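If you want the building blocks of each chain, they are given just below.
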Amino acid sequence: YLSQLILLARMRKFELIASKIINTMPLIHDFDIEKDGLYKQGLEKGLEKGRSQLKAEREKIMEEKIQAVEKLLKASALSDTQIADVLNISVEFVQQVKTRIT
């Protein structure tokens, strides 16, 4: 009956209310939400969303580093090593950006 109650609650958008009621019921100690198919589906969707946000954030950070290196290469007389030290990046990265802009 519990699975039917959960299904009906989802259909009527009463999941939160049903969940609170179910958690107060003394006989429901064997119900594991993590085994529920919709819970697993939602968890996977949330993880995928988190991965895509992380990827976008990494790409943004990389673009910012590239722009910073380009600005320092164009506007200063610093060596590749000094630029790498200032920006806390590798000398190889500075050299890669340098070859891109020349």
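Quick caveat, the model's predicted, so the values are computed rather than measured.

Chemist: I'm lost on the overall build of the protein in this one. Help?
Modeler: Looking only at helices and strands, the protein has five helices and zero strands in total. The secondary structure elements of the protein, listed N-terminal to C-terminal, are α-α-α-α-α. Here the C-alpha radius of gyration of the protein, 26 Å, is well above what a compact globule of 102 residues would show, namely 13 Å. Principal axes of the C-alpha set define a box for the protein whose edges measure 75 × 25 × 20 Å. Split into buried and exposed, the 102 residues of the protein put 18% on the buried side. For the protein, long-range pairs separated by at least 24 residues make up 42% of all intrachain contacts whose partners lie at least 6 apart in sequence. Summed over its atoms, the accessible surface of the protein is roughly 8,600 Å², and 57% of this surface lies on carbon and sulfur atoms. The distance from the centre of the 17 positive side-chain charges to the centre of the 15 negative ones in the protein is 6 Å.

Chemist: It is not clear to me how a nonpolar patch on the surface should be interpreted in this structure. Could you clarify?
Modeler: On the surface, a cluster of nonpolar side chains totalling about 380 Å² of accessible area is made up of F14, I17, I21 and M25. Take M25: it is sitting in the loop between α2 (15-24) and α3 (37-75).

Chemist: Looking at this model, I keep getting lost on the nonpolar core. Mind explaining?
Modeler: In summary, soluble globular proteins display a tendency toward joint burial of nonpolar side chains. By size, the foremost hydrophobic cluster in this structure holds nine residues: I66, V69, L73, I83, A84, I89, F93, V94 and V97. Among the secondary structure elements, those contributing two or more residues to this core are α3, α4 (80-87) and α5 (91-101).

Chemist: Sorry if this is basic, but what is going on with the packing of α3 against α5 here?
Modeler: Contact pair α3 / α5: the axes reach a minimum separation of 10 Å and the direction vectors enclose 70°. In terms of their interaxial angle, α3 and α5 are classed as roughly perpendicular. From α3, M62, K65, I66, V69, E70, L73 and K74 reach across to α5, where they touch F93, V94, V97, K98, R100 and I101.

Chemist: Sorry, what's going on with the environment of V91 here?
Modeler: With respect to the helices and strands, the residue V91 is situated in helix α5. For the pair V91 and E63, spaced 28 residues apart in sequence, the C-alpha separation works out to 17 Å. When near neighbours in sequence (up to four residues on either side) are disregarded, V91 contacts D80, T81 and A84.

Chemist: Please explain the pattern of salt bridges as it appears in this structure.
Modeler: Two side chains bearing opposite charge may form a pair once their charged atoms approach each other closely. On inspection of all chains with the given rule, the structure shows three salt bridges. Among the ionic pairs, R51 bridges to E48, the shortest N-O distance being 3.2 Å. Residue R51 and its partner E48 are located together in helix α3, separated by three residues, close to a single helical turn. As a salt-bridge pair, K98 and D80 come within 3.3 Å of each other at their nearest N and O atoms.

The rules behind the values
Residues numbered from 1 in each chain as written. Predicted model: local features only at pLDDT ≥ 70, side-chain atom pairs only at ≥ 80, totals over all residues. Heavy atoms only, no water. Helix = DSSP H or I, 4+ residues; strand = E, 2+ residues; numbered from the N terminus. Rg over C-alpha atoms; globule rule 2.2 N^0.38 Å. Buried < 20%, exposed > 50% of the residue type's maximum accessible area, 1.4 Å probe, protein only. Contact = heavy atoms within 4.5 Å. Areas by Shrake-Rupley, 256 points an atom, 1.4 Å probe, with all protein chains shown as cover. Lys, Arg positive; Asp, Glu negative; His and termini not counted. Charge placed at Lys NZ, Arg CZ, Asp CG, Glu CD. Patch = residues over 30% accessible without salt bridge, like charges linked within 9 Å, V, L, I, M, F, W, Y side chains within 5 Å. Salt bridge = Lys/Arg side-chain N within 4 Å of Asp/Glu carboxyl O. Core = buried A, V, L, I, M, F, W, Y, C linked by side-chain atoms within 4.5 Å. Axes fitted to C-alpha atoms, helices over the stretch in contact; angles between N-to-C directions. Parallel < 35°, antiparallel > 145°, perpendicular 65-115°, else oblique.

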